[in-house]
Amino acid sequence: MDKRVANADAAIEKLFDGATILVGGFGACGNPENLIAAVLRKGTKNLTTVSNNAGMVEFGLGLLLKSRQIRKMICSYPGENKFAEQQVLNHEIEIELNPQGTLVERMRAGGAGIPAFYTPTGVGTVIAEGKEVREFNGQKYLLEPCLRGDFAFIKAWKGDRWGNLVFRKTARNFNPVMATAADYVIAEVEELVELGSLDPDSIHTPGIFVNAIFQGAKYEKPIEKRIVRKRA
Amino acid sequence: MAEPKMAQAENIKEKIARRVAQEMRDGFYANLGVGTPTLVANYIPAGMEVVLEAENGMLGIGPSPFEGEEDPDLINAGKETVTELPGSSYFSSADSFGMIRGGHVDLTVLGAMEVDEKGNLANWTVPGKKLMGMGGAMDLVAGAKRVIIAMEHTNKDGRPKIRKTCTLPLTGLEVVDMIVTELAVIEVTPKGLVLREVAPGVTPEAVQKVTEAKLRVAEDLKTISI
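## A word on a nonpolar patch on the surface
Next, step 1: A grouping of Met1, Trp162 and Leu195 of chain A is seen on the molecular surface, where their side chains present a nonpolar patch of about 310 Å² in accessible area.
Next, step 2: In this structure, Met1 of chain A sits in the segment before helix H1 (8-11).

Set out below in structure tokens:
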């Protein structure tokens, strides 16, 4: 078994117009930047993207908003990107806001064979509009459907040819959850390592969830808010 | 005059953060929102171990990194560079919100645009203005054991932010436990808002004047001591 592909362009060969893509990352942290660049090159249109944020103006999903390849965004915190703001306020693209915990749980459920679940998040808010509310032990909960993608774009630190993945620090975020919830899961890694060199006890995403893997050509990894302290 | 005004605003935020920090207890797991709530970390009493959670998947947030030691893979939920501490741990967003929704977080401190007398909270959007999302705020208020709002008492135009009924889209229904401002500490109770503490030199009447909701003055009203 060998899930390695040559590069990002080869990895998205099967991507089609109108596809739903789960895109890992929290802001610019843990972003599948090589895969996003490949989608930009391929010019795939009418995409639905599921990602916590809307990218930066010149990085991440912001690039695909600028090139108008996105038709709909499902996200929790799309602020801080002027292209996203313009296109949503002008009704050029559709947006579906999910509370962050609901967004990730919908995908966790989608990857685990659970079609829907009840959550206390969002009861009595706009999020509850049109949703079933049910009481358990005197408290109200909303019914939320699971969420899956045609593709998932995952960014990991290290991986092997079976697709076993290890993430680094807070770059983990949505990545391991999204890796469970799409029909075709592509992982880009900073370092592709020999099979057997990852400690089995320390693997975050077992290879069963991953369809294709490659080592990213380069990583920009921008910092959105650089906060430092002076040395004493 | 911009500078003194800014300095004054910083001073107000610091006062609020110092008072909120008094609500921390040894062994607490706490989540601090962006802005004034983040400042609370600077005033946690010495000798007390409080573990700070970042909803993007970390327990044990440390101070800002030294210049040149920033790590793009290590940020807080405000996307700011941070550091790890001995005892820190990382996990996925699903585990993070499992902790939050599952009632494992002792305290969350958040900012607000409006809070009302039932403890309803509005802090994520103003319709028709900028494109904003709720991020993790709705999950935090639904799941944390205790919700404290740290905010300035009035908005930029001097209008009350503590309302009879929230007018902006809600973040959560009946979720707030306590409000800390530069003027007062107010507890949300089933019978409405109770004024527990006032800032030095501030009378309960003066607080009521800039508060739309009716305040009941606690019998043992105290002065904020920071």
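## Observations concerning the packing of helix H5 (residues 100-111) of chain A against helix H3 (residues 93-101) of chain B
Next, step 1: Contact geometry of H5 of chain A with H3 of chain B gives a least axis separation of 9 Å together with a crossing angle of 120°. By the criterion of interaxial angle, the relationship of H5 of chain A to H3 of chain B is oblique. The element H5 of chain A and its partner H3 of chain B pack so that their crossing is left-handed. Facing Gln100, Gly101, Thr102, Val104, Glu105 and Arg108 of chain A of H5 of chain A, the residues of H3 of chain B in contact are Ser93, Ala94, Phe97 and Arg101 of chain B.
Next, step 2: Split into classes, the residues belonging to the contact of H5 of chain A with H3 of chain B amount to 3 nonpolar, 4 polar and 3 charged.

## Side note on helix H2 (residues 33-42) of chain A
Next, step 1: Of all the positions in H2 of chain A, only Glu33, Asn34, Leu35, Ile36, Ala38 and Val39 of chain A are classed as buried.
Next, step 2: Gly43 of chain A occupies a position one or two residues after H2 of chain A and carries a positive phi of about 75°.

## Quick notes on the side chain of Glu188 of chain A
Residues and elements named next belong to chain A.
Next, step 1: Within the secondary structure, Glu188 is located in strand S10 (residues 182-192).
Next, step 2: Lacking a salt bridge, the buried Glu188 has Lys155 as its closest oppositely charged neighbour, with an N-O distance of 6.5 Å.
Next, step 3: A polar atom in the side chain of Glu188 sits 2.8 Å from the backbone nitrogen of Leu35.
Next, step 4: Of the polar contacts made by the side chain of Glu188, one reaches the side chain of Tyr219; its length is 2.6 Å.
Next, step 5: Once residues within four sequence positions are removed from consideration, Glu188 is found in contact with Pro32, Glu33, Asn34, Leu35, Ile154, Lys155, Ala156, Phe214 and Tyr219.

## Focus: the sheet that holds strand S3 (residues 58-61) of chain B
Residue and element names in this part refer to chain B.
Next, step 1: Taken together, 10 strands build an open sheet; the order of strands is S4-S3-S2-S1-S5-S8-S10-S11-S12-S13 and the sheet is mixed. The sheet is open, and its two borders are formed by strand S4 (84-90) and strand S13 (215-223), each paired with just one other strand. If you compare each strand with its neighbour and ignore which way they point, the axes differ by 25° on average.
Next, step 2: Two elements, strand S2 (residues 51-54) and S3, share 2 bridges in a ladder whose sense is antiparallel. Bridge pairing in S3 links Glu53 to Leu59.
Next, step 3: H3 rests against strand S1 (29-32), S2 and S3 of the sheet, and its axis sits at about 120° to S2.

The rules behind each value
- Residues numbered from 1 in each chain as written.
- Chains lettered and ligands numbered in written order.
- Predicted model: local features only at pLDDT ≥ 70, side-chain atom pairs only at ≥ 80, totals over all residues.
- Heavy atoms only, no water.
- Patch = residues over 30% accessible without salt bridge, like charges linked within 9 Å, V, L, I, M, F, W, Y side chains within 5 Å.
- Areas by Shrake-Rupley, 256 points an atom, 1.4 Å probe, with all protein chains shown as cover.
- Salt bridge = Lys/Arg side-chain N within 4 Å of Asp/Glu carboxyl O.
- Helix = DSSP H or I, 4+ residues; strand = E, 2+ residues; numbered from the N terminus.
- Axes fitted to C-alpha atoms, helices over the stretch in contact; angles between N-to-C directions.
- Parallel < 35°, antiparallel > 145°, perpendicular 65-115°, else oblique.
- Left-handed = near helix turned anticlockwise from the far one by under 90°.
- Contact = heavy atoms within 4.5 Å.
- Nonpolar A, V, L, I, M, F, W, Y, C, P; charged D, E, K, R; others polar.
- Buried < 20%, exposed > 50% of the residue type's maximum accessible area, 1.4 Å probe, protein only.
- Lys, Arg positive; Asp, Glu negative; His and termini not counted.
- Polar contact = N/O pair within 3.5 Å; in protein donor to acceptor, adjacent residues only side chain to side chain.
- Pairing = 2+ DSSP bridges.

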